[in-house]
There are 2 protein chains.
Amino acid sequence: MATGRTHRPATRSRGIPEATVARLPLYLRALTALSERSVPTVSSEELATAAGVNSAKLRKDFSYLGSYGTRGVGYDVEYLVYQISRELGLTQDWPVAIVGIGNLGAALANYGGFASRGFRVAALIDADPAMAGTPVAGIAVQHTDDLDRIISENGVSIGVITTPPGAAQQVCDRLVAAGVTSILNFAPTVLSVPEGVDVRKVDLSIELQILAFHEQRKAGEDTTAEDEGAPPMRATPTGRKGPDGDMPAVMPA
Amino acid sequence: MATGRTHRPATRSRGIPEATVARLPLYLRALTALSERSVPTVSSEELATAAGVNSAKLRKDFSYLGSYGTRGVGYDVEYLVYQISRELGLTQDWPVAIVGIGNLGAALANYGGFASRGFRVAALIDADPAMAGTPVAGIAVQHTDDLDRIISENGVSIGVITTPPGAAQQVCDRLVAAGVTSILNFAPTVLSVPEGVDVRKVDLSIELQILAFHEQRKAGEDTTAEDEGAPPMRATPTGRKGPDGDMPAVMPA
DNA sequence: ATGTCTTTGTGAACGCGTGCACAAAGATTG
DNA sequence: CAATCTTTGTGCACGCGTTCACAAAGACAT
């Protein structure tokens, strides 16, 4: 098991707050839409509405990038698109490797949004020997044994993990050893990585559970004093509780 | 276009902070793993490590749920699994409808993590008439025309949108009109929903762009005074700029 | 019973992110 | 050139979330 940090201490990267960085892609998307409609300039108010944020927040976000606006007029759309793209590093090509070509991995390989903004699916990797050579989204799947070579040859620095949870940490370790320094993890696992490696996770199950919480809360608001449901007898603090748990089996897996 | 709030003002739901709610599924997952290994009790330190968080944060999170630990011993695993499950509303069944059965939608329908924790894929909906009746993950795809009826009959309150961006808002409006109050949006679009409806978004493109930012930053750290790249001539503040933009076309779409 | 040892639960301080509100800047008009 | 109007950029205050550090609580040994 790899030992290392799991959380980056929110390093204020080059003075730009993490929260701002997370919103830049949102602004960029809205700006791109305006650009396609040949809109020359946009005010912070309009752009904020399009991006679904507060206009003051948007202005403060942009202020971290520099003074790119013109008072009394607004922001030059094309210019801003370029500045944000550059800031995000989207002016260069980012070869990406997807490891774990199951349903989700294949879907991502086919996903148009991937290739659209400078990201290029450079390799598909799977542990199943039977899949090797099979073309998915026009790219031949390669075997895990060659992972190291594939990463090096293609200069991949961003890896996407769509393996089953049991394989995720191992794949992660191998990716990192091969030189990958950014990982997008779709497996429901807490990845442990060494310092300097960034990990972002996308967890469908967690998102649903958060929604369920609010949903339950909304439903419970009607009943004034909702029935809390008889809590199951708590295991006696001392008596360790029998081996065959008589606790209600809530969740199998 | 629907008019309404886009952001919930972080309503401190029943006293449990939003940040804590977002971590509960993480704890639950770690606890479930311990439960399967028949571990009777766990300390905040151990559990925190497994979940990848600070132990003080974990204790404070649990303190919002009540005093479920035993000092000097730790937490009873089974009991805590039940309490968190109940708090998240996972003791009940949540029928989910997926709208937009393309690559991603089909992958989600097949995704095991969905069904595992009380969530059940109750319906698959697509706008393509040719898909109607086709079984995906053992469920027949139904046509968008029947959306309203499908939602009502199955008592769906959580909807998942995996349509192309252009259709997302319209689908969202229809889902909300049919009674859905929680939406998980995979389309790269800012959804506008009325008060009382929760929206969570999963955006692959945004995640990659955030990684690219940090990746670029890491790469740029080596070169002491990195070349900022000649900024393209800024559009003259007054002269509105020609219709055929001579700005470098950074991002096509 | 008394003491020791472990671990929880939480008060308090700190830092980040958000939003208000306004002065400064520039465009535009007469 | 002066006046007016629009919109940016930001100082400031507030609230949430995180983390430290420790007192209180209970288990366990003697």
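Quick note: structure is the one above.
Just so we're clear, the structure is a prediction, and the values are computed from it rather than from any experiment.

Rules used in this analysis
Residue numbering note: each chain is counted from 1, following its sequence as written. Throughout, the order in which chains and ligands are written sets their labels, letters from A for the former and numbers from 1 for the latter. For this predicted model, a pLDDT threshold of at least 70 governs which residues receive local features, and a threshold of 80 or more governs which side-chain atom pairs are given and counted, while totals over whole chains, interfaces and linings are taken from all residues. Hydrogen atoms and water are omitted, and side-chain values are computed over all heavy atoms in the structure. When at least one non-hydrogen atom of a residue lies within 4 Å of a molecule or strand, that residue is treated as near it. Residues adjacent in sequence count toward polar contacts only when both atoms are side-chain atoms; beyond that, a polar contact is any pair of N or O atoms within 3.5 Å, and within protein one must be able to donate a hydrogen and the other to accept it. Just so you know the grouping, Ala, Val, Leu, Ile, Met, Phe, Trp, Tyr, Cys and Pro go in nonpolar, Asp, Glu, Lys and Arg go in charged, and all remaining residues, Gly too, go in polar. Three labels apply to residues, based on accessible area from a 1.4 Å probe with only protein chains included: buried if under 20% of the type maximum, exposed if over 50%, partly exposed otherwise in between. Helix and strand labels come from DSSP, where a helix needs a run of H or I of at least four residues and a strand needs a run of E of at least two; each type is numbered from the N terminus. By this definition, two strands are paired if DSSP reports at least two bridges between them. Centres within 6.5 Å are what make two rings of Phe, Tyr or Trp a pair, Trp counting through its six-membered ring; a difference in plane orientation under 30 degrees is then read as stacked, over 60 as edge-to-face, and the rest as tilted.

## Here's the deal with the protein's contact with DNA strand C
Surveying the vicinity of DNA strand C reveals 25 residues, the closest of which are Lys57(A), Lys60(A), Arg71(A), Ser44(B) and Tyr75(B). A share of 64% is what sugar and phosphate atoms reach among the atoms of DNA strand C within 4 Å of the protein. Note that a phosphate oxygen of DNA strand C is positioned 3.1 Å from one of the backbone N or O atoms of Gly69(B). In this structure, a sugar or linking oxygen belonging to DNA strand C sits 3.0 Å away from a main-chain N or O atom of Gly72(B). Counted by class, the surface near DNA strand C contains 7 nonpolar, 9 polar and 9 charged residues.

## Some points on the pairing of strand β4 (residues 94-99) of chain B
All names here are of chain B. For β4, the buried fraction is high: 6 of the 6 residues fall into the buried class. Across the two faces of β4 the burial is the same, with Trp94, Val96 and Ile98 and Pro95, Ala97 and Val99 all buried. As paired elements, β4 and strand β5 (residues 119-126) share 6 bridges and run parallel to each other. Along β5, the bridge assignment pairs Val99 with Ile125. Two elements, β4 and strand β8 (residues 158-161), share 4 bridges in a ladder whose sense is parallel. When the sheet's bridge partners are listed, Ala97 is paired in β8 with Gly159.

## Section: unusual backbone geometry
The phi angle at Ser38(A) is positive, at roughly 60°, despite the residue not being glycine. On the secondary structure map, Ser38(A) appears in the loop between α1 (18-36) and β1 (41-42). The phi angle at Ala137(B) is positive, at roughly 55°, despite the residue not being glycine. With respect to the element layout, Ala137(B) can be found in the loop between β6 (135-136) and β7 (139-143). You can call Ala137(B) partly exposed: its relative accessible area is 39%.

## Focus: the packing of aromatic side chains
Residue and element names in this part refer to chain A. This structure, assessed with the given rule, holds 6 aromatic pairs over all chains. With centroids separated by 5.1 Å and ring planes inclined at 80°, the aromatic side chains of Phe62 and Tyr75 adopt a geometry described as edge-to-face. Taken as a pair, Phe62 in helix α3 (residues 55-65) and Tyr75 in strand β3 (residues 74-76) lie far apart in primary sequence, 13 residues in all. Take Phe62 and Tyr75: they sit in the same class, and that class is buried.

## Comments concerning the environment of Asp145(B)
As for its position among the elements, Asp145(B) is in the loop between β7 and α7 (147-154). With 18 residues separating them in the primary sequence, Asp145(B) and Ala127(B) have C-alpha atoms 7.8 Å apart.

## Thoughts on the protein's contact with DNA strand D
Taken together, 28 residues form the shell around DNA strand D, and within it Ser44(A), Arg71(A), Tyr75(A), Arg23(B) and Arg71(B) come nearest. Among atoms of DNA strand D positioned within 4 Å of the protein, sugar and phosphate together represent 64%. Within the side chain of Arg59(A), a nitrogen or oxygen atom sits 2.9 Å from a base nitrogen of DNA strand D. One nitrogen or oxygen atom from the side chain of Lys60(B) is found 3.2 Å from a base oxygen belonging to DNA strand D. If you list the elements that add at least two residues to the surface near DNA strand D, you get α3, β2 (69-70) and β3 of chain A together with α1 (18-36) and α3 (55-65) of chain B. Per-element tally for the surface near DNA strand D: the top contributor is α3(B), with 4 residues. Residue composition of the surface near DNA strand D, by class: 8 nonpolar, 10 polar and 10 charged.

Treat this as a map of the structure, not an account of what it does.
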